[in-house]
Each structure stands twice: as structure tokens, then as C-alpha cells.
Amino acid sequence: MSKIHVSTTLNGDAAEFLCDPSASLLDALRDELGLTGSKEGCGSGDCGACTVVLDGEMVCSCLVFAAEAEGGTIQTIEGVAESAVLHPVQQKFLEHGALQCGFCTPGFIVAAKALLDRNPDPTETEVRYWLAGNLCRCTGYDKIVRAVMDAAAELRQDRPSERTPA
Amino acid sequence: MNAPETMKQFRPKEFRHVGTRPVRPDGVDKVTGRALYGPDFKAPGMLWGAIVRSPHPHARIVSIDTKKAESLPGVKAVATGKDFPTLQSLVMHVGEGASDIVHVARNCLALDKVLYEGHAVAAVAATTPEIAREAAGLIAVEYEELPFVLGLEEALAEGAPLLHDDVFTKGVDPKPDKPSNASMRVEMGGGDVEGALAGAAVTVTGRYTMEPVHQGYIEPHACVASWGGDGQAQIWCSSQGHFAVRSLTASVLALPQADIRVMPLEIGGGFGGKTTIYLEPVAMILSKKSGRPVRLAMTREEVFRATGPAPGAVIDVRIGADADGTLVAADVEFKYHSGAYPAVDAGAGVASAIGHYKIANTRVVGTEVLCNRPAAKAYRAPGAPQVNFAVESAVDELAGKLGIDPLELRLKNAAVEGDPQTSGVPWGRIGWVECLEAAKAHPHWSAPLGPNQGRGLAGGYWGNYGGPSTVVVSLTEDGTFTVTTGSPDIGGSRAAMAIMAAETLGVPYEQVRCVIADTSSIGFSMVTGGSRTTFATGKAVVEAAREVKQVLCSRAAKMWNVAEDAVEWQDGEMVCTAGEKEGTRITVAQIAPRVAFMSGPVSCVAGINAAGWLPGFGLHICDTEVDTETGHVKIVRYTAIQDVGTAIHPDYVEGQIQGGAVQGIGWALNETYIYGENGKLDNPGFLDYRMPVASDLPMIDAVVVEVPNPDHPYGVKGVGEVPIVPPLAAVANAIHAATGKRLNSLPMSPDRVYAALHPEG
Amino acid sequence: MPSTAFHAPDSVEDVVALLAADPTARPLGGGTDLIVQMRSGRLAPGSVVDFKRIAGMTGVRREGDGFVIGAATPCTALKADAALAAAWPGVVEAANLIGSVQVRNRATMAGNLCNASPAADSVPALIAAGATCVVAGPSGKREVPVQEIPVAPGKTSLAPGEFVVEIRLPARPEGGGDAYLRSTPRTEMDIAVVGAGVSLVLDADGTCTSARVALGAVGPTVVLVEEAGKALVGTKLDDDALAAMSRAVQAASNPIDDKRGSVSYRKAMAGVLARRAALIAATRAGAKA
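- Taking an unreviewed UniProt entry as the reference, chain C is identified by name as Oxidoreductase belonging to Novosphingobium malaysiense.

- An unreviewed UniProt entry annotates chain B as Oxidoreductase of Novosphingobium malaysiense.

This is the structure in C-alpha cells:
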């Protein structure tokens, strides 16, 4: 079976790749495009470690065929920090110690940013349900939820706080 | 949200860095996706591997035909168990517990028999992952199916299928003359248990059961191996101990350890499950045969079917007390699943059962039981949560019978420094009573409860560990420092090492960077496990940093032409304290560019076998709300109190406590291995192996109690394992408080709770 | 291992032709079941046919007072449609219990229906609501009640070459309300142990004039329990009526013992969930009457 040529916009730049017809978008990101920030924890949509934003909506990239991304716009963890400065969600994960091993962290950050992009003032319950598709085995979620709430509070203020260069 | 985390400190002195919460040095790479984990590494020219696994729980391998696979274009190598060298039995202590290398090798690739569904029998390497998977499907394995056994009591019954004909029960005198599925028996205690139970005013008796559970790390196992024609090899993998990967891989392949260099990649969770090897020697064999680097990685399904779960258990408990609540006798007997090969959790289980109480008459017996399940591996406080569930449930029941508050009953009987453990060895400076007092004073303990709600508590402990670690602290040419360790950072330990180095050196935290070196770049270090790293490797960091100070002071003395003892280290500076140069100072940054050209670079090694570790104790309070119509249990409030000695970086200490508590809550409520009658695992994925998700939980209030360890320069005891011990019983006791029903079997899933509440069906 | 071809045609006719040409071919909407089944080896289709690029396949449109939902419409888009969410909250909530937000941003009700799992969350709610679906195939289009699609676990009544192109919900009746509840061990990311969808209509004085009750995971397919609906009609949903409905629900339940639940627990939960769902539906009916 010959490979399929796919053209996308990836983290703001044009990106093309070849993929097997049955390859997932996650396979293409990791193995064809060298972006290993999106992780495969399960390959069945049950852990969220591969979360990316495709055409404006967060998805499990393991549950999307790479070929489906033709013409699509993809944002991965590698594109979350803008202008070489961490996004507030990334910054707050660091400040709250909201990661231990860090393997699930990219998926959580992409998902949390997707939440705050549409809901600047979520309740704790809204944060918990929004992030229910992302498994973390290290933290018990406490510090993750606090980091996301804190990032939301900061994003609601106009003044950008001090952030770490990415 | 609940109140923010609180800390209760008993430590005498103030620190500059210890106890602060700086950003971890590896943080930016981990929030931007740049950090490389086990599955992320690729080598040029690398082949992709796949493993063939047994569909049967127990079978003899009659033949393996690899011809079709080998002739598939793109296939470069095939491996079976026959590719391992002939091995003699050799017990190695590298991970958490001992393993016989013959069993380690057979678990990586079966030789004569498969012992569980999912047991690896062959492997292939090919130019693409698709070809590798296709080739794996072409390997024809002929099996002769054998009777299998999954259950603990079934495996011990007369006539049960025997897994190994060369395993005789250890710990039994005289040595048995027949092989057995009971691989080990451990017994501790003393006094007259039967007499004391007979004389007790109140006794409780119970049997508690559970199936195995998995560690549930999100990163599946993966490695790349490259074995060159000169016999030297490199392995890139994530693990809790790359030295353990090296020694186990070298042993099963009969290679000199110096010929293998293991590169530690970032590790995506382990919880004890990554203290052994599964893929590395197989990738090595495939690499040697193909002449190319080979990558092997597991799917989630393979992780569930073939990597170590924690043992399930059957636990019988009898406890007796006087009318005033004094515990007079405890008899605990349990059996744990070893799975396919002898395992060792029973030893720690016996030591972790009832030692937190002063009881004059005790008998604790643990038996390891072989059965046709994946080989059990360490899981966070291995062996302790199971038996603690039984003991702390029974103590709660006893409190009810006695009409004594369960916290007061625990306080009345709590062991303190000097009291004997179950082994007879006296406890050191433990903080169990301090945890109980902190619970009593915590607002959670006296907060009102709503309808259908109940409050439970449970306490537990873990011995912690020390052991060998190597650390190098080096001065750079500009006066900053590097700390090099051999201890994988699984949850922020680089930050803890940098804090301890900065504290010792009296320099800013940002001027110390910590890296984890490969096995050829630093001396031996034990696994990151047993809650040992911040204690043991931290101790080595302090020792090496102290030596750096000493060397630098002597350099300054030489430079100033004064006696060595006339120079002191003060806040990161060298100061002359005597003679005509008295008061002269030089900063590290000033002296650093020169030192290498004076008497050579300053780089100090501490290779230590850290002694003086102390156990950690915890007390958890749990509020549940039970939907009595459906059996659903909601955790509405949870407080985890723990003595950690000293919290070096409190964020990561609290994080360990919160994460451990939630793993325990998952174990209590929903996690369990489900096997079908065909001996096959029925829930090998995150959908039906139900780990808690964010919406299942409240905030976990972590209360850090600090009763410092006098044998660590900053008082560290160790944190990671204790918090998974109390939750099973804390949740069970809370359900009992809410409903009046005691669930003795895990998990306490909605259907089980419903059945307890509606016995009529 | 046979390879899978990937097609993304731009007309319904092309999809039908591709599906008809290869009986193993599978239509691809959200893909959240299909990809998992392919990866696990349960399915090895000769091709997958992505129909999302066809005009009208994604989105909700009004037709009269009813709703037409394109087969590729993700579950989260249903929630975003305020009119649909107000008219059929039970259906929209059911669809938004599937998986996680990530999954629901891809997963569709049509896929949930055609995957033919007895535990599908959106299907009891759709059946209770009296939804239909439009099926395209070699002989054109036909409209069938939703409950006629699944025939057994993993099996549908669709003929070779056929696929569901849209789901249709009627106008919300005057005084109508619906609800769906499920029982799962976890709060999210789970498969229904039992699911119950109820849609009913109350008249001005609160008497139930019609009711439909459908159950998930208590038999080989989602079942419409007509006796349960009848038990509510003519009542004001008093305790006796609800108890009668629960008994009818339990009588119609014929579940299996499996890793997700036992027979006895499933039967008991069917009764509890149907009663609770009926009360929510009634509240909604009252609130909207």
C-alpha cells in the first residue's frame, strides 16, 4: 500500500508528511515529523497524553487517522509557548509543582489551554470534568487543578506576569 | 477547594533553601514537550521490534517456527528464548527485592513453558513497525496446553498445577522435599497469641481479599539497544534504575557490565514497576543478530498483560483487646500472588502489618504463591497496603465494638521510639504519634458530615531505605556547580538534590544544576525506589558538597599562603579567619576560573552506602458519600497526614502524598485485574482498568509533619511509599461509617457496595 | 496483514459505491470506535471511507420544528447548538457522556448508533425521543427509526453499501421533557453498566400523556420498553406509577454477567435509573410547559 501525502498547518507553519493509510495522527507527529511531545499512553483514547488541537478542537491524536488531517490546522504541545515564552498554563504547572514524572503533562497543558481559551473563569468542577480525559498517575490531580485555576486567574488579568523563557 | 496544604514542623533549625519551592531544573523541558522519555528516543538506522506473546495461561512450548517471518522482506532478525546463553541460578538484589536471573531471563522470553497469558515467546526486528507486527503474526508457535491456576488457595491445594518443579518453599525448616507453588513463607512475632486472644475482652476476626492491581504508569515500557560487533553495547531506556538495567541485562546475557552503557531517558512513572527488565535483553539479541540498533516498545495492552502487577491477597486477621482498649494480641496470616515467578512482597508485608501498634503477643505469617499470572513486581510500598487494609479495617471494627473513638484507640496503642517492631528491633525516631495528634487537631476530624456521609481513618507505615548511591559535585569555571547523580528523577528529585547542594554550599539554588548520568559516567547507584533517593542520594550530595567546600577552602589557603584551618566557608565565600590575612574574602565566582590551573579541577565524589534511614508513618482521614440506591461511593473530603522527616521541596512532597493517596483510592474503589475463566485478562486497558480521573476526586489535603531524621544532614526520612498504605482501609472505614456495612473485599465498586446494602438482591 | 486504503470522497454516491465495492470497507465519521477496533485487531477493513468532507454531513439544521443532525457531527457540537440542547437535553447530555471531551470532539451519535454496542450512551436517549435516521445506500435513501439499526452487539441492519447520513429528531412536543442517566463506576471515561433514557409529555395539570423508556446494556441491543412507558401514561408520576415503571423496566431487562456488571446489579440499576430519569424528564416537561 503506497503512502499518503498530507499537507497541514502545524503550530503555525506549513508541514507535509507521508503516512500509511492506517497510521494515526499521533504516529505521524512522533515518527514522521519528529514531534515527540505528544505521548502515547494507551493508543485507545483513554489517557489523553496525545491531546492536540485539530481545527480548533482538542482531540486524542491517537484517535485520528493521519490522513484525516489533510488541509487541517494542528497545534501540539510544541506550539503552546508563544514567542519563546511559556504560556501561563505552562508557567503555573511549574510554579505549583503540578507535574511529577511529566509524561502526561503535555496532554494536560494542551487540554487546559483549550479550556481557558473558551472559558476564562472555570469552576473547580468544570476544570475536573474538562480534564477527565487526561490520566495522571503521579499527582492525584490536586496541583494540576490548582495550576489551571491559577492560570485562569492570571489570564483574566490584563497584565502579563513574569514568565520563564521557553 | 479546601484550605491550602499545611505543614506541622518539629525541626529545630531554619534553612535557607531546604523547605522552599523553586521551579524544578527539568521543568521547562517537561512543560514544552522537549523532554525525551523511553518511547521518544530513536537511533539512526534503527529497526522496529515486536513481540509474540502467549495466548495461553500455561502451556509447554512444543516448537517455534520462525521461517515465514524471517523470509518476510524487511525482517532483519528473530529471537527466541534459545538465544539466551545457558544460565545458572543466581539471585541478584538490584531492584526492589531479589530476583533469580534465570527467572528474569525466562520472563523476558519463555524457554520451555509459558506461565501466563501474555508471556513473551519470540521477537522480531524489521525496518518498519508495520512489518515487525506482520512478521510477529507469522511466527508459528505450537503449544501443549497445561492446566492453569489463578487463585491463591487453589494454587496451594493438593494436586494444583505446579508452575516450577525446582521451587521449594523458602523459610520453612526443614527444607521441604517436594516442590511447591508456595515459594516463600515469612513469619515474625512472639508471645502467646492464642492465650492472649482467649483472654481478651473483645476480639475481631475477619478475612479480607483482593485481586492484583497494576502500577498504572502512563508511559509504556520502551528501549533502544545497540550491540556493536566489538561486544560493547548501548541501551537507551527509561527505568527506575539504569544500573539495575545494566546488571540484569549483563547477567542474563553473560556480558561484562562494563561493556554495557545504559543511558537513562526521562521516566514516565514507575511506582516500583520499572525496577526490572522486560525488553532490554531481547532488543540486545535482536541488535546483535541484525547489526543495527533495535527499538522495542510495549502497547498499553502488553503493559497490562505482561508487566508486574502488585499481588492480590487473602488475609486472615484476629485482634484482641482489653476492655480499656489495650491491644493484647494480633494474629495475621496472608497469602500474596507471586504470579509466574517467585516474588518477595511477603517479607515487607509481614514487617508492615502491625508494627505501628504496641502489642505484646503477635504472630504475622506471609506466604508467596506462584500462579499463572504475570510475575508480580514492586508497587509503591510493595506488600504493605494489602495487609494494612485488613489490619486497619479490623482495628476500626474493634474500636466500634469497644465503643472507643478510632483515633483515640490508635493513639492509645501507637508505637513510639524504642518500642519493638514485629521483628523485635526497636523503632527509631518515628513520627506516628505526631501524625495522630495532627489528625486530632485538624479541622477535618471534627467537621460536620452531611446525609449518607461517613468518615473513616486509617494509619500505616513503610520502612523506607538507604543504600548505595554515587554523586559527583563539580565546580565549573565560572563558579556555578553541577551535581551528577545516578538516580533517575521520577518526581522532581533533581530539584531536591539542587536544594540540598545549594544549602550545603550556601549558594543560590539557580547556581546548582543537577543531571543524571549514564552507567559509564557515574558510579553505581541503586534504583530510585524504596523511598530512598532523597535520603540516600541526598546524603551523598551533601557529603560531596561538603568536600567541595573543604577543597576550595584549602585552595584559598594556598592562594593566601595561610594555614588550611585559617580559612572558613561562609555563605558561599571563603574567608580567612586568622593571621594577618584575617577578614580577607574571596567568592566562589572569583576563585573558580583559577582553581583548575592551581592544583587541578574541583570535582568531588561521594560513593556511599547510606545508613540511618527511618520509616515514615501516615494517617489518612476520608469522608465518603454513598448513594444507597446505586452503591456509588463519592470521596467528598480527604486529608493525608504524614511524617516525612524534612520536606526538602514541599511541593513535591505534598505531590507524593496526594498521588499516593489517589492511587490508594483507586485501588480501594475500582481498580482490579479481571481474569476470565479461560485464564486470560479481560480488562487490559485504561477503559476497564479504572484508575481515578480528575472528576472522581476532591482536592487531597496533604499535611506534612516534620519529625526530622537525626541521621540525615537535613532530616530527610523518605516520602513516596507511605501514602498508598492507609487509603484502602480509610475508604473502607468511611463506607462503614456511612452505611454500617463493612466491605472486606476490594475493590469496593458500586456493584459490591450495592450488594452489601441490598443483600436480598 | 492486509493493508487498509483511505478514501475521502466528496459525495454520498461515492461513499456508497466504495462501501458497496468492498464488504469489509467501513465508513469513517468520528473514528473513535473504528480506530480502536482496527488497532486491537478486531477489525481489518480493506478501506476506510471518510465522509466528513461531504457538504451537510457535519452540523445541526432545523427542519420545521425538528432537527437534522449530520452523521459526522461531533457530540460537543450538539451541546453548542442552544436550540437543540433546549429541546432535547436528554439526548444532548447522553451524547456528551461518551468518553472524554477529546473523544466527544470527534465521536458522533451516528457512530455511536452504528457501532451497535448495547451500552451506547446516546442510543437510549435517541430511541426515547423517537428519533429516526436517514440511511443512504445503493438504492437511494430511506428513513428508519433509530431502534431498527442495531440488531446484535456490533451488528446493524444496514445492508452492504449503506451508511447513516443523518439523525432526525422531531419537534419537542408541547409539555415534553427528556432525560438520560447511566451508571458507571467512574464519573467520566467509562462505559455504561446500565443506561436509561426517558422522554415523556405532561399535560397542563401534570398528567403524563405519553412516555417512552429505553434501556442500554440490559440486553443484546438497546431496548424500548413499551410497558414501562404505559405504566406512566395517565399518572402524575406518583410513587406507585414510578414503581410500576421500574418493575416493567426490570422485567424487560435481560442483561449478562460481564466485567462491567452482574445480572442482578444491572437489573436493579435499570429500575433506579429509569425512575430517576423519569423524574428529571418530568421536571423538564413541567419547566417547559
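Description of the overall build of chain B
Moving on, step 1. What chain B contains, in helices and strands, is 20 helices and 31 strands.
Moving on, step 2. Over its C-alpha trace chain B gives a radius of gyration of 27 Å, about what one expects of a compact globule, namely 27 Å for 761 residues.
Moving on, step 3. Expressed as a percentage of the 761 residues in chain B, the buried residues total 66%.
Moving on, step 4. Of the accessible surface of chain B, which amounts to about 24900 Å², a share of 50% is contributed by carbon and sulfur atoms.
Moving on, step 5. Side-chain charges of chain B comprise 64 positive and 84 negative groups, with the mean position of each set lying 4 Å from the other.

Some details on the interface of chain B and chain A
As a measure of interface size, the accessible area lost when the parts come together is often cited.
Moving on, step 1. Facing the 59 residues of chain B at the interface are 48 residues of chain A.
Moving on, step 2. Contact between chain B and chain A buries roughly 4300 Å² in total, counting both sides, with carbon and sulfur atoms accounting for 57%.
Moving on, step 3. Remark: the boundary between chain B and chain A carries 6 salt bridges.
Moving on, step 4. Taking the shortest distance from any N to any O, the salt bridge between A:R137 and B:E671 comes out at 2.7 Å.
Moving on, step 5. Linking chain B with chain A are 26 residue pairs in polar contact (both at pLDDT 80 or more).
Moving on, step 6. Mapped by element, the contributors of at least two residues to the side of chain B that touches chain A are α1 (27–31) and α18 (650–669) of chain B.
Moving on, step 7. The biggest single contributor to the side of chain B that touches chain A is α18(B), with 9 residues.

Details of the interface of chain C and chain A
Moving on, step 1. Each partner contributes to the interface: chain C provides 27 residues, whereas chain A provides 30 residues.
Moving on, step 2. When the two sides are added together, the surface that chain C and chain A hide from each other amounts to roughly 2200 Å², 63% of it contributed by carbon and sulfur.
Moving on, step 3. For the pair chain C and chain A, the interface holds 2 salt bridges.
Moving on, step 4. At the boundary of chain C with chain A, the tally comes to 9 residue pairs in polar contact (both at pLDDT 80 or more).
Moving on, step 5. Of all the secondary-structure elements, those providing two or more residues to the side of chain C that touches chain A are β1 (5–7), α2 (34–40), β3 (47–50) and α6 (101–104) of chain C.
Moving on, step 6. The leading source of residues in the side of chain C that touches chain A is α2(C), at 5 residues.

Calculation criteria
- Residues numbered from 1 in each chain as written.
- Chains lettered and ligands numbered in written order.
- Predicted model: local features only at pLDDT ≥ 70, side-chain atom pairs only at ≥ 80, totals over all residues.
- Heavy atoms only, no water.
- Helix = DSSP H or I, 4+ residues; strand = E, 2+ residues; numbered from the N terminus.
- Rg over C-alpha atoms; globule rule 2.2 N^0.38 Å.
- Buried < 20%, exposed > 50% of the residue type's maximum accessible area, 1.4 Å probe, protein only.
- Areas by Shrake-Rupley, 256 points an atom, 1.4 Å probe, with all protein chains shown as cover.
- Lys, Arg positive; Asp, Glu negative; His and termini not counted.
- Charge placed at Lys NZ, Arg CZ, Asp CG, Glu CD.
- Contact = heavy atoms within 4.5 Å.
- Buried area = accessible area lost by both parts, 1.4 Å probe.
- Salt bridge = Lys/Arg side-chain N within 4 Å of Asp/Glu carboxyl O.
- Polar contact = N/O pair within 3.5 Å; in protein donor to acceptor, adjacent residues only side chain to side chain.

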